[in-house]
Structures are given as C-alpha cells and as structure tokens.
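Understanding the architecture of this molecule
As a plain string of letters, each chain reads:
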Amino acid sequence: MKRYGILCDGGDAPGINAAIRAVAREAYEKDDEVLGFIDGFIGLIKNDVRIITKDVVSGILPLPGSVLGISRINPFKDPKNVQAIKENFRKNSLTLLVIIGDRDTVDIAKKFSDEGIPSIVIPKTIDNDVYGTDFTIGFDTAVTTISSALDNLHATASAHHRAMIVETMGRETGWLALFGGIAGGADYIIIPEIPYKMEEVAAHLAKRKKEGKNFSIVIVAEGAPLPEGKAEQKEYDEFGHPVNSKRMVGYTIMEELEKITHIKTRTTVLGYIQRGGIPTNTDRILATRLGVAAIKFADKGKFNGLVGVCGRDIVFSPLEEVAGKIHSVNLEFYRLAKTFF
Ligand code: F6P
C-alpha cells in the first residue's frame, strides 16, 4: 500500500479541488492512502496533516480555492524547514509527495528530489507559464473571467467614447492577456514577450477613431514593460519574482495614451478576481486527467516529474527537464491576435 502526501503550493487557481479529488479517488482505486497537508509546505513543516477520505473529497469538484488551503513559501530559505519536511515525510511513512503547484513548485520539487524526497508535480496556475505542459489548471477559468470582463467594459467604453486599459495577471508571461484579449475582442494586446511602443498603440486607437469607432479596449499583462522612459519601481518576492501589483503598468499606459491621443482613458486592474470563479469544465477535466495520471505514474514507480498535457496526450517530464524553465506564449496565437490590431 502506498501513502501519498498531497499539498498545494503557490497562487491558488480554480480547479485545484478537482485535482485533489482525482488524486484521492485514483489512489483509493488502488487501495492506497492519501494524507493532506494543510496550507501547502507550511503544513508539511508543521506536520499539520489530515487523512483524506472519500467524504473529504465528496462534492469538491466544482469548488474554487483549495479545501486544503495553500501557501507561497520557499522552504529552502531555512534549513530547519527542510529538516522538518524530511522528518515529517518519514514520520508519516509517505511514499511520495503529490504537489499541486506552479513554476516555483517545480524548482522546489527538484531540490527535494536531490534531498531524497520524491514527488510528482501537478501544474496549476492561472498564468499558464509552467514549462512541460500546454495548459495549467486554472488558466481556462481565468481567461473566461477576463473575457467576460471585456464584454462588460465594451458597453461602458462605447457609451462614454473612452479608451479602456485592462490589466490582467500573468507574472512574467502574456498568456492571460493574449487569450483573454482574443476571446474578449480587445483592440490592442500588450504582453511581456512582444516589445511595444506607445506611439504605435496610440496610432492604432487614433485610426479606430478616424474609422468611426468611438471606443477602444487595450489589454495589458501586468508583467509587460512600462512605456519607454518610465522608471521601474520593482519589488521582488522571496523567489526573486517582481511584485507586479506595485508596478502599475496599466495606469502608466493609461496616462501615456491619454497624453498622446487626448482620448479619455480609464483603467481596470482585474487583479485577484482572476484567481477565483467556479472552474470551467475545461479546467475540471484537465485537473481530473492530471490528478489521475499522477497516481497512475506513481503506481508504476515513475516520480520526480511533472505531469502535463501535450496536444491531446498526458505526458510525464522528469523534473530536471522542466526545472528553471518558463512556458512563454506561443507566437502563433499572437499572430492570430494581430489579425485584429
Ligand atoms: O499565481 C500566479 C499569480 O496570480 C500571478 O499572476 C501574480 O503575479 C501572482 O500570482 C501574485 O502572487 P501573490 O498571490 O503571492 O500576490
């Protein structure tokens, strides 16, 4: 009988609970046990653990958030944490960790594998920036949230003849702004992967106005560079990632655009709304596939890897092949978006 320790790491995302349910149900099929650590690595450090029974996962499929809680900490910041995790791994007689996490989780899991703590990572983040999978759990739901936000903004932008700047999440990649912009019909899309000039954005809005379009919607990823010449006030988190909410890229673009175009411009920062929401069927099915696959691979003795989706297939990537990498936008989608601006 195997004993799996499941925990959630990084930012929350819709679909986590569907993944927890899938891991537990597949494990029970094999008469294995699942222990849930509360609030991610914090729970593993403190040995704050619950046996995950069928009742615990009953009815959680459509719930946003995480029934186990989640946290974003780097356990390797303090050697005492690593020691505690090793002790609690042994104390609970675990076979391996099943970690529902993001890019930083992959790097942490790789380090733990080097310390003799085996794991399998299930990729979850609204950012869709995990290397080794086409899509991550939570991304589709966040795109749906962004797209409906743009639908709402079309009405007010048109009524007031304004330009609307919509700032999405997406710490270092443009997936959310790109897919949300395509689905929501944005008139311009600004992402970290593609350099932009304010003059070009302004010229496009002016062209729309000349063609009789009395409003425009510009979507920008929070990780996009500030307009040329604007000083960065970067703050970094404990993984060394920029804290984008302090950079105000949406408001800065608003000011610059209004100066050049003299079109009344307003900004909406979607923020943490993108992390909530009832998971879409796409995310529920992705989470179910990846959760079941994680246990199937583990049952065959495959671990220290990331489960992912590639095309229609579920794939297993060894941690050393995916650690330290980022999944940037596929430029085919940007070219598709460019058809419209
Ligand atoms: O989980 C990804 C993400 O939502 C990014 O899009 C965002 O920049 C970051 O998390 C925010 O981190 P935190 O939740 O720690 O503020």
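Fair warning: this is a prediction, and the values are worked out from it, not measured in the lab.

**A short note on the pattern of salt bridges**
As enumerated under the stated definition, the model contains 22 salt bridges in all. Ionic pairing is found between Glu-26 and Lys-30, a salt bridge with its closest N-O pair at 2.7 Å. Judged by its relative accessible area of 26%, Lys-30 falls in the partly exposed class. Salt-bridge contacts for Arg-103 lead to Asp-129; the nearest nitrogen and oxygen are separated by 3.8 Å.

**Re the packing of helix 8 (residues 198–210) against helix 9 (residues 249–261)**
Where helix 8 meets helix 9, the closest approach of the two axes is 10 Å, and the angle between their N-to-C directions is 60°. As the angle between them shows, helix 8 and helix 9 are arranged oblique. Crossing hand, helix 8 versus helix 9: right-handed. Packed against helix 8, whose contacting residues are Met-198, Val-201, Ala-202 and Leu-205, the element helix 9 presents Ile-253, Glu-256, Leu-257, Ile-260 and Thr-261 at the interface. Here the residues of the contact of helix 8 with helix 9 sort into seven nonpolar, one polar and one charged.

**Let's talk about the site of the ligand**
The local shell around the ligand consists of Gly-11, Arg-72, Thr-125, Ile-126, Asp-127, Met-169, Gly-170, Arg-171, Glu-222, Tyr-272 and Arg-275. Between an oxygen atom of the ligand and a side-chain N or O atom of Asp-127, the distance comes to 2.7 Å. In this structure, Tyr-272 approaches the ligand through a side-chain N or O atom, which is 2.5 Å from an oxygen atom. The protein chains hide 79% of the 390 Å² of surface that the ligand would expose on its own. Looking at side-chain class alone, the shell around the ligand contains three nonpolar, three polar and five charged residues. Each of two domains, domain 1 (3–138 + 279–322) and domain 2 (141–276), supplies a minimum of three residues to the shell around the ligand.

**A word on helix 6 (residues 139–160)**
Taking 1.5 Å of rise per residue, 22 residues should cover 32 Å, and helix 6 covers 31 Å from first to last C-alpha, within 8% of that figure. At Leu-153, helix 6 shows its maximal bend, which comes to roughly 25°. All buried positions along helix 6 are accounted for by Phe-139, Thr-141, Ala-142, Val-143, Thr-145, Ile-146, Ser-147, Ala-149, Leu-150, Leu-153 and Ala-157. Each element contacted by the buried residues of helix 6 is listed here: strand 6 (163–168), helix 7 (175–184), strand 8 (216–221), strand 9 (265–269) and helix 10 (281–299).

**Some points on the sheet that holds strand 6**
Taken together, four strands build an open sheet; the order of strands is 7-8-6-9 and the sheet is parallel. The open sheet has two free edges, formed respectively by strand 7 (188–190) and strand 9, since each of these has just one partner strand. Averaged over all neighbouring strand pairs, the angle between strand axes comes to 20°, with direction disregarded. Two elements, strand 6 and strand 8, share six bridges in a ladder whose sense is parallel. From the neighbouring strand, Met-164 faces strand 8, where its bridge partner is Ile-217. The strands touched by helix 6 within the sheet are strand 6, strand 8 and strand 9, with strand 6 carrying the most contacts at an inclination of about 165°.

**Looking at a nonpolar patch on the surface**
A cluster of nonpolar residues, Ile-182, Leu-336 and Phe-340, forms a patch on the protein surface that exposes about 290 Å² of accessible area. Among the structural elements, Phe-340 can be located in the segment after helix 12 (331–338).

**Describing the packing of aromatic side chains**
Applying the stated rule across the entire model yields twelve aromatic pairs. Pairing Tyr-188 with Phe-341 gives two aromatic rings, centres 4.6 Å apart and planes at 50°, and the pair type is tilted. With Tyr-188 in strand 7 and Phe-341 in the segment after helix 12, this pair connects stretches of sequence that are 153 residues apart. Grouping residues by exposure puts Tyr-188 and Phe-341 together as buried. Ring geometry for Phe-297 against Phe-316: centres 5.1 Å apart, planes inclined by 50°, an arrangement best described as tilted. Here Phe-297, found in helix 10, pairs with Phe-316, found in strand 11 (residues 313–318); they are 19 residues apart in sequence, far enough to count as distant. Members of the aromatic cluster, connected to one another through ring pairs, are Phe-135, Phe-139, Trp-175, Phe-179 and Phe-333. In this arrangement the basic side chain of Arg-208 is found over the ring face of Phe-215, its NZ or CZ atom lying 5.5 Å from the centre.

Definitions and cut-offs
- Residues numbered from 1 in each chain as written.
- Predicted model: local features only at pLDDT ≥ 70, side-chain atom pairs only at ≥ 80, totals over all residues.
- Heavy atoms only, no water.
- Salt bridge = Lys/Arg side-chain N within 4 Å of Asp/Glu carboxyl O.
- Buried < 20%, exposed > 50% of the residue type's maximum accessible area, 1.4 Å probe, protein only.
- Axes fitted to C-alpha atoms, helices over the stretch in contact; angles between N-to-C directions.
- Helix = DSSP H or I, 4+ residues; strand = E, 2+ residues; numbered from the N terminus.
- Parallel < 35°, antiparallel > 145°, perpendicular 65-115°, else oblique.
- Left-handed = near helix turned anticlockwise from the far one by under 90°.
- Contact = heavy atoms within 4.5 Å.
- Nonpolar A, V, L, I, M, F, W, Y, C, P; charged D, E, K, R; others polar.
- Near = heavy atom within 4 Å.
- Polar contact = N/O pair within 3.5 Å; in protein donor to acceptor, adjacent residues only side chain to side chain.
- Areas by Shrake-Rupley, 256 points an atom, 1.4 Å probe, with all protein chains shown as cover.
- Domains from an automatic or database assignment.
- Expected span 1.5 Å × (residues − 1).
- Bend = angle between axes of the 7 residues up to and from the residue.
- Pairing = 2+ DSSP bridges.
- Patch = residues over 30% accessible without salt bridge, like charges linked within 9 Å, V, L, I, M, F, W, Y side chains within 5 Å.
- Phe/Tyr/Trp six-rings, centres within 6.5 Å; stacked < 30°, edge-to-face > 60°.
- Lys NZ or Arg CZ within 6 Å of the ring centre and 35° of its normal.

Any functional reading would require information that these geometric values do not contain.
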